[in-house]
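Fold and contact review
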Amino acid sequence: MGKKITVIEATEKNEVIEEVNLRVCAYCRVSSMHEEQQNSFAAQVAHYTQYINQNPNWILIDIYADEGISGTSKERRIDFLRLINDCECGLIDLVITKSISRFARNTADCIEVVRKLKNLGIGVYFEKENINTLSGESELLLSILSSIAQEEMISLSQNIRWANQRRYSRGEFQVSPSKLTGYDVDPVTKGLVVNKEEAQLIKRIFKEYIGGKGAAKIARLLNEEGIPTITGKVWRGSSVRRMLKNEKYCGDVLMQKTITSNDITFKRKLNRGEQPQYYIKDNHEPIVSREEFELVQRLTEERGLAKGLTEDVKKKTSNRYVLSGKIVCGKCNMTYKRTTQNSGKMCARVAWFCSSAQDSIRRACSNGAIHDDTLQLISINVLKKLYENIDTLLVPFVEILREVNDISNDQDIIECDQQIRALLRQMSALTDLASKGSLTPVLYNRQMTEVGQKIKESKRKRENITRKHYANITILKDTEKIIDCLKSTEGNIDSLEKELVDNIFDKIIVKSRQQVVFRLLNGIELSERIGG
């Protein structure tokens, strides 16, 4: 005899969606500024305005919308960050968005934000997937679906990369003439054409280098003669070195020098063999002979080896010291560099000196060197003082920032929000009239554009008011981070650790050999006298 199974249907409704006086907002985004995408953007705004207003249990707070911005990273979306900040300020109960791919295509970002809002008691409702993140099974579904959205983005990225590589293999490439001194781009053929006036400068730079001058000295000579770069800036040794390594000046083209390091962030990096490169020989008219170009490459390598500057050495010495990149000159604002005084002698001592002494543009400032052991000692003393004064200095500062950050009762903000909501209701009414045939498409589009412009103006005004507020939020978070780092030491600060320095100090400003100012990440500055 078979088992008899009776299904008891679920009767519990989603309390978050049905809750009375729920403060609701929507987030929408389009990835590009093409006309058809802008129409999609306007349609999304109109849809959610109407969607929220028609629910008697909901109160429309705002429509957060980013135009022409990729969804691959949340850091680039201004209104998205504004939405998160407003959620943290307790202004919102529920966020509605079209789909996971509109909210975030990065699984890590999506899950991180959803969990953060969930901990604040705020739900995110994905309309297309019918997922409310405050429901029990939402995180598993969200993880699966956002991974699919991310895979679609990665697939698109790989298709673009494949198409680019196909173009490279056919010898097709694009060059921005504004960034390539010595060449113009032919408007018809799109090929490189020698700019005779600029070419003379290129020839001179190669000749000077072959004659024994270094890149920094060449840069200094060009600046002294008042010759600007193609972008109107001053010459630096690094810009001269890039020109000397550019194969285009001998008529060749190397394609795919840089690659996308990550399909999620789309950050670029040098291609060090991870992907194929494409080299076209004799692609266009050269400015210098191949013999001259190859001689310069040999000289560059020989001079580097003579100084001991191999790739391994550069990699090992880059930012390896505790205070690297933190010390700046209080007189000329240049960074300080580390050196060993009296190297090889009994009295050898490590010190930091202002890098203006090695700069090809500026004259060396009068700030003297400061010994590393002295700087480390006073840095430790500052950290100890901060730890001892957490409750008297940092905690009260946090409390002040929290009070300043409460903008829920700011009258200017309230007025801006009221204007935006009124305009959103007007947009909803226009959409309703158009759907009933009471407005012609031409009139509907014109009026929607006008209302949309007014919304942008109101949002711009609101953004100006809240810019200082959001800056204070950053300062608040940095201060809380400093407190956590200091507490983790339990007061045992007998030596400097790079992680501690990076999480507490923004800059160490050398005013003179007698005075150093420590600027914390939150902007607080502490002045210390040396030997006093």
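Note that the structure is predicted; figures quoted are calculated from it, not measured. (Residues numbered from 1 in each chain as written. Predicted model: local features only at pLDDT ≥ 70, side-chain atom pairs only at ≥ 80, totals over all residues. Heavy atoms only, no water.)

Quick word on the pattern of salt bridges
Within this structure, the stated rule accounts for 18 salt bridges. Overlapping salt bridges, with partners in common, bring together Arg204, Glu208, Lys213 and Glu225 in one network. (Salt bridge = Lys/Arg side-chain N within 4 Å of Asp/Glu carboxyl O.)

Things to note about the side chain of Thr49
Of note, Thr49 is situated in helix α2 (residues 35-53). Those residues in contact with Thr49 that lie beyond four places of it in its chain are Leu60, Ile63, Leu424, Arg425 and Ser428. (Helix = DSSP H or I, 4+ residues; strand = E, 2+ residues; numbered from the N terminus. Contact = heavy atoms within 4.5 Å.)

Observations concerning the nonpolar core
By size, the foremost hydrophobic cluster in this structure holds 36 residues, and its most contacted members are Leu375, Ile504 and Phe505. Going through the elements one at a time, β12 (327-329), β14 (349-354), α12 (372-388), α13 (390-404), α15 (441-489), α16 (498-504), β16 (505-510) and β17 (515-520) are the ones with two or more residues in this core. Examining the composition of this core, we find that six residues originate from one element, α12, more than from any other. (Core = buried A, V, L, I, M, F, W, Y, C linked by side-chain atoms within 4.5 Å. Buried < 20%, exposed > 50% of the residue type's maximum accessible area, 1.4 Å probe, protein only.)

As for the pairing of β17
Taken together, the five bridges between β16 and β17 define a ladder with antiparallel strand orientation. Among the inter-strand pairings, Val510 is bridged to a residue of β17, identified as Val516. Count of turn residues in the β16/β17 antiparallel hairpin: four residues. Bridge count for β17 against strand β18 (residues 525-529) is five bridges, and the pairing is antiparallel. Looking at β18, one finds that Phe518 is bridged to Leu526. Taking the residues that link successive antiparallel strands as the turn, the β17-β18 hairpin has four residues, and the phi of Gly523 there is positive, at about 95 degrees. (Pairing = 2+ DSSP bridges.)

Some remarks on α12
The first and last C-alpha atoms of α12 sit 24 Å apart over 17 residues, in line with the 24 Å expected at 1.5 Å per residue. Restricting attention to buried positions, one finds in α12 the residues Asp372, Leu375, Ile378, Ser379, Ile380, Val382, Leu383 and Leu386. (Expected span 1.5 Å × (residues − 1).)

Some thoughts on the side chain of Thr181
For Thr181, the position within the fold is in the loop between α6 (138-169) and β6 (183-185). Using a relative accessible area of 10% as the deciding quantity, one classes Thr181 as buried. If sequence neighbours within four positions are ignored, Thr181 has contacts with Glu198, Ile202, Ile230, Met243 and Tyr249.

Examining the packing of helix α7 (residues 196-210) against helix α8 (residues 215-224)
Running from amino to carboxyl end, α7 crosses α8 at an angle of 135 degrees, the nearest separation of the two axes being 10 Å. Judged on the interaxial angle alone, α8 and α7 are oblique. As for the relative orientation of α7 and α8, their crossing is right-handed in sense. Touching Leu201, Arg204, Ile205, Glu208 and Tyr209 of α7 are Ala215, Ile218, Leu221 and Leu222, all from α8. Broken down by class, the residue content of the contact of α7 with α8 amounts to seven nonpolar, no polar and two charged. (Axes fitted to C-alpha atoms, helices over the stretch in contact; angles between N-to-C directions. Parallel < 35°, antiparallel > 145°, perpendicular 65-115°, else oblique. Left-handed = near helix turned anticlockwise from the far one by under 90°. Nonpolar A, V, L, I, M, F, W, Y, C, P; charged D, E, K, R; others polar.)

What to know about the packing of α7 against helix α9 (residues 237-245)
At a minimum axis distance of 11 Å, the contact between α7 and α9 shows a crossing angle of 95 degrees. Viewed along their axes, α7 and α9 adopt a mutual orientation that is roughly perpendicular. Along the contact surface, α7 presents Ile202, Ile205, Phe206 and Tyr209, while α9 presents Val240, Met243 and Leu244. Tallied by class, residues from the contact of α7 with α9 come to seven nonpolar, no polar and no charged.

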